[in-house]
Amino acid sequence: MKKFFGTSVNVGRLLAAMVLVLVMASTVKAATPTTIVQFGTTLSDIGYKVATDQAGNIYVAGDTKGNTNFGFISQTQDGFLRKMTSTGVLLWQISIGTPAYDEIRGLAVDRSGNAYVCGSTQGSFGSGFGGYDMFLAKVSPSGQILWLDQSGTALEDYAQSLTLDENGNVYLCGWTMGCMDGVRNPKIYRDAIVMKYSPSGYRLWARQFNNYYGNNFAYGITCYEGKLFVTGLNGLPGLCNTGGPGNLLLYVFDLNGSKLWGKSLGGENTTGKAIAVDGNGIYITGFAISPFDGNNYYGGYRNTILVKFDLNGIKQWSREWGMGYWDEGNGIVLDSLGNAYVVGNTK
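Since the structure is predicted, the reported quantities are computational estimates derived from the model, not experimental observations.

A look at the nonpolar core
At step 1: Membership of the largest hydrophobic core comes to 16 residues, with the highest contact counts inside it found for M134, L136, L162, V170, L172 and M195.
At step 2: Taken together, the elements giving at least two residues each to this core come down to β9 (115-121), β10 (133-139), β12 (157-164), β13 (170-176) and β14 (191-197).
At step 3: Once residues lying within four places of it in the same chain are set aside, the contact partners of L172 are C118, M134, L136, A159, S161, L162, I193, V194, M195, Y197 and I221.

Quick look at the structure:
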């Protein structure tokens, strides 16, 4: 499998069952892990994202409520970042947090081995705005925090995922209830948001998007050939041309933040959680709470979904599967043979 930079895979809750699915030519089958590493504290520890560098080292980011080996900062919850060799040997691990509640949801590693993490905090890294704020941090290959930017409004602001371009610029996505782009006005609903940062941590632009039916969320983002591909939940006026509120979203921007096109697919609360793109197309995984795009629904509260679009946004195929209670896809990567690997959790 080829190595991936500027993106990551969501590994889900370490305390829940994790499922890895290999998709070959739209056929679903299980894959067997070759190495399993378990780590944590005596309390709750959750790994959300995993990435690799050019040397094959593994980075895991998530949250911890414990205080063993992490340099615990908070009395509630901190984010953590852990670096291991390809065989799982620990190289270093750090906490990133405040005395309040902190979480990490995004991770990417550049070609120099610097790691970038994003998340949200109730506290202050020196510039708190109130409520929940977003933060973005750059960590050196040896585990030193090089810079950290906290941004937000007096309302709720959450960062969910990030990616890098070829020049090392950082793009993150999430949602906000306030105004972070100088255009939108604070309201009761949430706007999806995409933001761009320079490699040195300066925010270059922010774009908010909403509709008038309810909340809008951006969960997954990736960069491919000078374009940003974002997935999430709900329709965006002037951007999506099919579907209504509660649909899976695919929307595309150039690197200057101009929207190019968008698609919407599914039904009530169908959500895209992760996205991957190569020369063969666009792949999105997430969950549906009802039959998705004509597929069978396997019961329960959620089913995992996978959908492929071509690079112009034309749907190629979709799949839905589950165990009958709670299943969702949270991460996806592609290999050089066109296979898709989906990771998620099941109950």
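A closer look at the sheet that holds strand β22 (residues 303-309)
At step 1: Overall, antiparallel pairing links the four strands, which are arranged β20-β21-β22-β23 in an open sheet. The open sheet has two free edges, formed respectively by β20 (271-278) and β23 (315-321), since each of these has just one partner strand. Mean inter-strand twist for the sheet, computed between neighbouring axes without regard to direction, equals 15°.
At step 2: Across six bridges, β22 lies against β23 in antiparallel orientation. Each bridged residue has a counterpart across the sheet, and for K308 the counterpart in β23 is W317.

Topic: the pairing of strand β5 (residues 58-64)
At step 1: Counting buried residues in β5 gives six out of seven residues, a clear majority hidden from the surface.
At step 2: Two successive antiparallel strands, strand β4 (residues 45-52) and β5, enclose a turn made up of five residues, where G56 displays a positive phi of approximately 90°.
At step 3: The pairing of β5 with strand β6 (residues 78-84) spans seven bridges and is classified as antiparallel. Note on β6: the bridge partner recorded for Y59 is K83.

Some points on the sheet that holds β12
At step 1: The strand order across the open sheet built from four strands is β12-β13-β14-β15, with neighbouring strands paired in antiparallel fashion. A strand with exactly one partner marks an edge of an open sheet, and here the two such strands are β12 and β15 (203-209). Taking each pair of neighbouring strands and ignoring which way they run, the sheet shows an average axis angle of 20°.
At step 2: Pairing analysis gives six bridges linking β14 to β15, with the strands arranged antiparallel. By the bridge assignment, K196 is partnered in β15 with W205.

Looking at unusual backbone geometry
At step 1: Of note in this structure, E225 is not a glycine but carries a positive phi near 50°.
At step 2: Turning to its location among the elements, E225 is positioned in the loop between β16 (217-224) and β17 (227-233).
At step 3: Of note, D293 is a non-glycine position whose phi angle comes to about 55°, a positive value.
At step 4: Overall, the relative accessible area of 29% leaves D293 in the partly exposed class.

Some remarks on the side chain of S140
At step 1: Topologically, S140 is positioned in the loop between β10 and β11 (145-151).
At step 2: Other than its neighbours up to four places away in sequence, S140 contacts W92, G113, N114 and L146.

What about the pattern of salt bridges?
At step 1: Across all of its chains, the model carries seven salt bridges by this definition.
At step 2: Put simply, D63 and R105 hold a salt bridge, and the shortest N to O gap is 2.7 Å. Linking D63 in strand β5 with R105 in strand β8 (residues 102-109), this pair joins segments that are 42 residues apart in sequence. With respect to class, D63 is no different from R105; both count as buried.
At step 3: Put simply, D63, E103 and R105 are held in one network by salt bridges that share partners.

A look at the packing of aromatic side chains
At step 1: Enumeration over the complete set of coordinates arrives at 15 aromatic pairs.
At step 2: Centroid distance Y101 to Y132: 6.3 Å. Interplanar angle 85°. Geometry classified as edge-to-face. With a gap of 31 residues between them, Y101 in the loop between β7 (90-96) and β8 and Y132 in the loop between β9 and β10 connect regions that are remote in the sequence.
At step 3: Taken together, the aromatic side chains of Y101, Y132, Y158, W175, F217 and Y219 make up a single cluster linked through ring pairs.
At step 4: Positioned over the ring face of Y219 is K273, at 5.1 Å from the centre of the ring.
At step 5: Over the ring of F287 we find R302, and its NZ or CZ is 3.8 Å from the ring centre.

The rules behind these values
- Residues numbered from 1 in each chain as written.
- Predicted model: local features only at pLDDT ≥ 70, side-chain atom pairs only at ≥ 80, totals over all residues.
- Heavy atoms only, no water.
- Core = buried A, V, L, I, M, F, W, Y, C linked by side-chain atoms within 4.5 Å.
- Buried < 20%, exposed > 50% of the residue type's maximum accessible area, 1.4 Å probe, protein only.
- Helix = DSSP H or I, 4+ residues; strand = E, 2+ residues; numbered from the N terminus.
- Contact = heavy atoms within 4.5 Å.
- Pairing = 2+ DSSP bridges.
- Axes fitted to C-alpha atoms, helices over the stretch in contact; angles between N-to-C directions.
- Salt bridge = Lys/Arg side-chain N within 4 Å of Asp/Glu carboxyl O.
- Phe/Tyr/Trp six-rings, centres within 6.5 Å; stacked < 30°, edge-to-face > 60°.
- Lys NZ or Arg CZ within 6 Å of the ring centre and 35° of its normal.

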